[in-house]
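Fold and geometry: a report
The chain contents come next:
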Amino acid sequence: MRLVTSPAEIQERALEYRARGLTVGLVPTMGWFHEGHLSLMRLAAKKADRVIVSLFVNPIQFGPNEDLDSYPYDLERDRRLAEETGVDILFAPEKQVMYPDGFSSSVTVSGLSSRLCGSSRPGHFDGVTTVVAKLFHLTVPHLAVFGEKDFQQLAVIRKMVDDLDFPVEILGHPIVREESGLAMSSRNTYLKSSEMPAALSLSEGIREAVKCVNGPGAESIDARQVKDLVRAIITAHRECEIDYVEVVDRSSLENCTEITENSLLVLAVKINNRIRLIDNSILKGS
Ligand code: AMP
């Protein structure tokens, strides 16, 4: 596996792959790899001849009071994990080369970007779409893999690709969970063991909601009842502050009142005002 830090070099190498008739798969990440990231890399390797993983803690997708400075980072650790997973190139640029002085462009997907995580993290998705657009130009991938854990990010990227005609196929990968049910996340490293029961309330809420809408009497359950049930499970932990608990249509992310096959339960919760966790699940039949 090759480590590349220069944007010019990654573009040259990616174009060279294409010139040789090889398909390129991209997995954008912010590093501190866990099994979720590695599963995305394996999917990319199954679907493309060459896999490029980007490792870039993108400063413009963090708000002023967020965890940019404390975000976990260990290039050597991630390099070893990516290599063991069969990645061809790990692209880990410095911030200054991605955003040199005078950088002044931005990609915005309006509408979708301002709801849910976008309303509590203003500007977050503009940061995401801007860096992903840059990564698409730098790595010229045939396909790119994103996790369904960041369901809104996936929807926003799909819209950007569709609206702006990026010739890139977007693949979603299901959420990878710990045995406990906790959705894997680099931010889980911030959790103290005393905070674990609170963190687990997200997946517990999902489990109970899924049970409820698929069990006896399910026809009469509406979105309001599901949200009340999940909120009660989460707020039973004093460490938890709910950012949102919503039931939305899986593609438009518009709120649902009825539960259908397309209804997605989406959650964002802050633990002790320090750690923001997100999770989601399709409700019917999952
Ligand atoms: P991040 O490094 O957190 O920006 O994540 C990089 C990619 O990995 C994104 O597409 C995420 O959605 C995806 N990802 C992160 N955690 C998980 C998980 N537990 N399961 C599946 N995909 C994930």
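The rules behind each value
- Residues numbered from 1 in each chain as written.
- Predicted model: local features only at pLDDT ≥ 70, side-chain atom pairs only at ≥ 80, totals over all residues.
- Heavy atoms only, no water.
- Axes fitted to C-alpha atoms, helices over the stretch in contact; angles between N-to-C directions.
- Helix = DSSP H or I, 4+ residues; strand = E, 2+ residues; numbered from the N terminus.
- Parallel < 35°, antiparallel > 145°, perpendicular 65-115°, else oblique.
- Contact = heavy atoms within 4.5 Å.
- Nonpolar A, V, L, I, M, F, W, Y, C, P; charged D, E, K, R; others polar.
- Near = heavy atom within 4 Å.
- Polar contact = N/O pair within 3.5 Å; in protein donor to acceptor, adjacent residues only side chain to side chain.
- Areas by Shrake-Rupley, 256 points an atom, 1.4 Å probe, with all protein chains shown as cover.
- Pairing = 2+ DSSP bridges.
- Core = buried A, V, L, I, M, F, W, Y, C linked by side-chain atoms within 4.5 Å.
- Buried < 20%, exposed > 50% of the residue type's maximum accessible area, 1.4 Å probe, protein only.
- Domains from an automatic or database assignment.
- Buried area = accessible area lost by both parts, 1.4 Å probe.
- Salt bridge = Lys/Arg side-chain N within 4 Å of Asp/Glu carboxyl O.

**Structural notes on the packing of helix H1 (residues 7-19) against helix H6 (residues 124-139)**
Axes are the key here: two packed helices are described by the angle between their axes and the distance separating the axes. Where H1 meets H6, the closest approach of the two axes is 7 Å, and the angle between their N-to-C directions is 55°. It follows from the interaxial angle that H1 and H6 lie oblique. Residues Pro7, Ile10, Gln11 and Ala14 of H1 form the contact with H6, whose own contacting residues are His137, Leu138 and Thr139. Across the contact of H1 with H6, the residue classes break down as 4 nonpolar, 3 polar and no charged.

**Here's the deal with the site of the ligand**
Close to the ligand lie 18 residues, the nearest being His37, Gly147, Asp150, Val176 and Met184. One nitrogen or oxygen atom from the main chain of Met30 is found 2.9 Å from an oxygen atom belonging to the ligand. One of the backbone N or O atoms of Val176 is found 2.8 Å from a nitrogen atom in the ligand. Its free accessible area being 480 Å², the ligand has 94% of it covered by the protein chains. Every element with two or more residues in the shell around the ligand is listed here: strand S2 (24-29), helix H2 (35-47) and strand S5 (143-147). Top contributing element to the shell around the ligand by residue count: H2, with 3 residues. Considered class by class, the residues forming the shell around the ligand number 9 nonpolar, 7 polar and 2 charged.

**Side note on the sheet that holds strand S1 (residues 2-4)**
What holds strands together in a sheet is hydrogen bonding between their backbones, with the strands either parallel or antiparallel. With parallel pairing, 6 strands are arranged side by side in an open sheet as S1-S4-S3-S2-S5-S6. In this open sheet, the two edge strands, each paired with only one partner strand, are S1 and strand S6 (169-173). Strand-to-strand twist of the sheet, defined as the mean angle between neighbouring strand axes without regard to direction, takes the value 25°. Two strands pair when backbone bridges link them, and S2 and S5 are joined in this way by 2 bridges, in the parallel orientation. Bridge pairing in S5 links Gly25 to Leu143. Together, S2, strand S3 (50-55), S5 and S6 form the strand contacts of H2, whose direction differs from that of S5 by roughly 155°. Sheet strands touched by helix H7 (residues 151-163): S5 and S6. Its angle to S6, the strand with the most contacts, is close to 170°.

**Here's the deal with the nonpolar core**
Grouped together as the largest cluster of nonpolar side chains are 47 residues, with contacts concentrated most on Phe136 and Ile170. A per-element tally of this core places H6 first, with 8 residues. Shared between two domains, this core holds at least three residues of each, these being domain 1 (2-173) and domain 2 (186-282). With 31 residues, the next largest nonpolar core counts Ala198, Val230, Val245 and Leu265 among its residues.

**Digging into the domain arrangement of the chain**
On domain assignment, one finds that the chain holds domain 1 (2-173) and domain 2 (186-282). Listed as interface residues are 21 residues of domain 1 and, on the opposing side, 18 residues of domain 2. Here domain 1 and domain 2 share an interface that buries about 1600 Å² over both sides, 55% of which is from carbon and sulfur atoms. The three residues of domain 1 that bury the most area against domain 2 are Arg115, Leu116 and Phe151, which together make up 34% of that side's buried surface. Taken together, the connections running from domain 1 to domain 2 amount to 1 salt bridge. A salt bridge links Asp67 to Arg187; the shortest N-O distance between them is 2.7 Å. Secondary structure elements with two or more residues in the side of domain 1 that touches domain 2: helix H5 (117-120) and H7. Counting residues per element, the side of domain 1 that touches domain 2 draws most heavily on H7, at 3 residues. When the residues that make up the side of domain 1 that touches domain 2 are grouped by side-chain class, the tally is 9 nonpolar, 6 polar and 6 charged.

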